[in-house]
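# Observations on the model geometry
Letter by letter, the chains look like this.
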Amino acid sequence: MRKVAFIFFIFVATFLLASCNSGQSSGIANEDGERLIRVGFSQADFTESDWRIANTESMRQALSRENGFDLIIVDAQNDPNKQLADVANMIEQGVDYIVIATVQEIGWEGVLQQARDAGIPVILVDRVAAVNDDLFVTWVGANFREEGETAVRWLQGFRGYDVRAVHLQGIMGSTAQIGRTGAFEDAAAENGWTIHASMTANWDTIQAKQVMENWLTRFPDINVVYAENDNMADGAIQAIEAAGLTAGGYDGITIISFDANRRYLQLALDTGKINFNVECNPLHGLRVAEIILALERGESVPRINYVDGEAFDWRYLTQEIIDARTY
Ligand code: AHR
């Protein structure tokens, strides 16, 4: 009898081990024994900006075990090659879904074909991938070109044709940089604005300050900074003030920014140092969770899911507006 029991135990153990290792990710369960949906999230970079930190936290909160998910988040550290390897590893692990905020739009064909061949749906967030539509299920994010057009429309109204600008760009090749840059460059061409210089500061405050310090010595007539995110606007403001000049307000160098993080809206309200800030809502987590649950139910989902955003002119900001902000 004992021998039969032993053989049965070996059979059951082998079966369970096989089902866990057969790439079937359904082996993960919560405390109630309910199957968790395994999601691999490849984030461009954990610490790149205030925006990115809020975006990661939003995904972590929405794709929680309590909500029925087993979330694996991997930091690509803004290294496109690492990100491709990270996603390939998620495919190897046999996750149920892959979510990606791409560092760069290019280079995704091979890995996303692997995901498709493995039957793993891919959801893009924030940034896009330059691939055929059949290689990802849907995309959630902001319309970056429209954000830029909102900014340049405001600048036209505030400064007319008198724009002598410098341009702090995000990481080159990222979807946000492409959209915001395109809108600014097109508006400059249409309005005869001067763009003394454009350069990436990789979304980073310190790099932006260093670039701006150099520009201030070379271009004494700068009257506009077009910074593609708050953290770089912050660096530019620091450099402007270190040079004994004024940032923002009616009489200083006009500062245009993107993201509208709460602390930078507060800066604008308290000091006027950021004249106009275009929101880029980072809170994608709930939308992604809804999409995955819809897919689990066999429902179709829209291919494009824009997140709404506002824009803030420092003259009309109130503490009430800022206190109501969620990030
Ligand atoms: O893709 C969105 C951009 O990436 C944000 O504007 C920037 O702050 C983030 O790092």
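Keep in mind it's a predicted model, so treat the numbers as computed, not measured.

## As for the overall build of the protein
What the protein contains, in helices and strands, is eleven helices and twelve strands. Here the protein holds 327 residues, and 52% of them are scored as buried. Of all intrachain contacts in the protein linking residues separated by at least 6 positions in sequence, the fraction that spans at least 24 positions is 72%. Surface accessibility of the protein: about 14900 Å² in total, with carbon and sulfur atoms responsible for 53%. Charge centroids of the protein, computed over 25 positive and 46 negative side chains, lie 4 Å from each other.

## Focus on the site of the ligand
Close to the ligand lie E48, S49, W51, R52, D126, R127, F144, A176, R180, W203, N229 and D259. One of the side-chain nitrogen or oxygen atoms of S49 is found 2.8 Å away from an oxygen atom of the ligand. In isolation the ligand exposes 290 Å². Once the protein is present, 100% of that is buried. Put simply, the parts of the chain that give the shell around the ligand at least two residues each are α2 (50-62) and α6 (175-191). Class assignment for the residues of the shell around the ligand results in four nonpolar, two polar and six charged.

## Quick word on the side chain of T102
Locating T102 in the fold gives a position in the loop between β3 (97-100) and α4 (109-117). Polar contacts involving the side chain of T102 include one to the main-chain carbonyl oxygen of V128, which spans 2.8 Å. Once you skip the residues sitting within four places of it in the chain, T102 turns out to touch A44, Q83, W108, V125, R127, V128 and A129.

## Examining the pairing of strand β4 (residues 122-125)
With burial as the criterion, each face of β4 is covered, one bearing V122 and L124 and the other bearing I123 and V125. Pairing geometry for β3 and β4, over three bridges, is parallel. Within the sheet, the bridge partner assigned to I100 lies in β4 and is L124. In this region the chain leaves β3, passes through α4 and returns to the parallel neighbour β4; the handedness of that crossover is right-handed. Two elements, β4 and strand β5 (residues 138-141), share three bridges in a ladder whose sense is parallel. Of the residues in β5, the one forming a bridge with I123 is T138.

## Some thoughts on helix α3 (residues 80-93)
Here α3 is 14 residues long and its end C-alpha atoms lie 20 Å apart, about the 20 Å a rise of 1.5 Å per residue gives. Q83, D86, V87, M90 and I91 are the residues of α3 that are buried. Viewed along the axis of α3, the buried residues span an arc of 145°, placing them on a single side of the element. Within α3, the exposed residues directed more than 90 degrees away from the buried face are N81 and E92. You can read the cap of α3 off the contacts: a side-chain oxygen lies 2.9 Å from the backbone nitrogen of N81, and it is on D79. Phi turns positive, to about 70°, at G94, one or two residues after α3.

## A look at the sheet that holds strand β8 (residues 224-227)
Taken in spatial order, the six strands make up an open sheet running β7-β6-β8-β9-β10-β12, and their pairing is mixed. Edge strands, defined here as strands with exactly one partner in the open sheet, are β7 (194-200) and β12 (311-313). Adjacent strand axes in the sheet meet at a mean angle of 15°, parallel and antiparallel pairs treated alike. Inspection of the sheet shows strand β9 (residues 254-259) paired to strand β10 (residues 276-279) by four bridges, in the parallel sense. Across the sheet, S257 pairs through a bridge with N277, a residue of β10. Packed on one face of the sheet, helix α8 (residues 230-242) meets β6 (164-169), β8, β9 and β10 and runs near 155° to β9.

## Some details on the sheet that holds strand β11 (residues 304-306)
With parallel pairing, the six strands of this open sheet are ordered in space as β2-β1-β3-β4-β5-β11. Looking at strand neighbours, the two that pair on one side only are β2 (69-75) and β11, the edges of this open sheet. Each strand axis lies, on average, 20° off the axis of its neighbour in the sheet, ignoring direction.

Analysis parameters
- Residues numbered from 1 in each chain as written.
- Predicted model: local features only at pLDDT ≥ 70, side-chain atom pairs only at ≥ 80, totals over all residues.
- Heavy atoms only, no water.
- Helix = DSSP H or I, 4+ residues; strand = E, 2+ residues; numbered from the N terminus.
- Buried < 20%, exposed > 50% of the residue type's maximum accessible area, 1.4 Å probe, protein only.
- Contact = heavy atoms within 4.5 Å.
- Areas by Shrake-Rupley, 256 points an atom, 1.4 Å probe, with all protein chains shown as cover.
- Lys, Arg positive; Asp, Glu negative; His and termini not counted.
- Charge placed at Lys NZ, Arg CZ, Asp CG, Glu CD.
- Near = heavy atom within 4 Å.
- Polar contact = N/O pair within 3.5 Å; in protein donor to acceptor, adjacent residues only side chain to side chain.
- Nonpolar A, V, L, I, M, F, W, Y, C, P; charged D, E, K, R; others polar.
- Pairing = 2+ DSSP bridges.
- Right-handed = clockwise from strand over helix to strand, strands pointing away.
- Expected span 1.5 Å × (residues − 1).
- Arc of directions from axis to C-beta.
- Axes fitted to C-alpha atoms, helices over the stretch in contact; angles between N-to-C directions.

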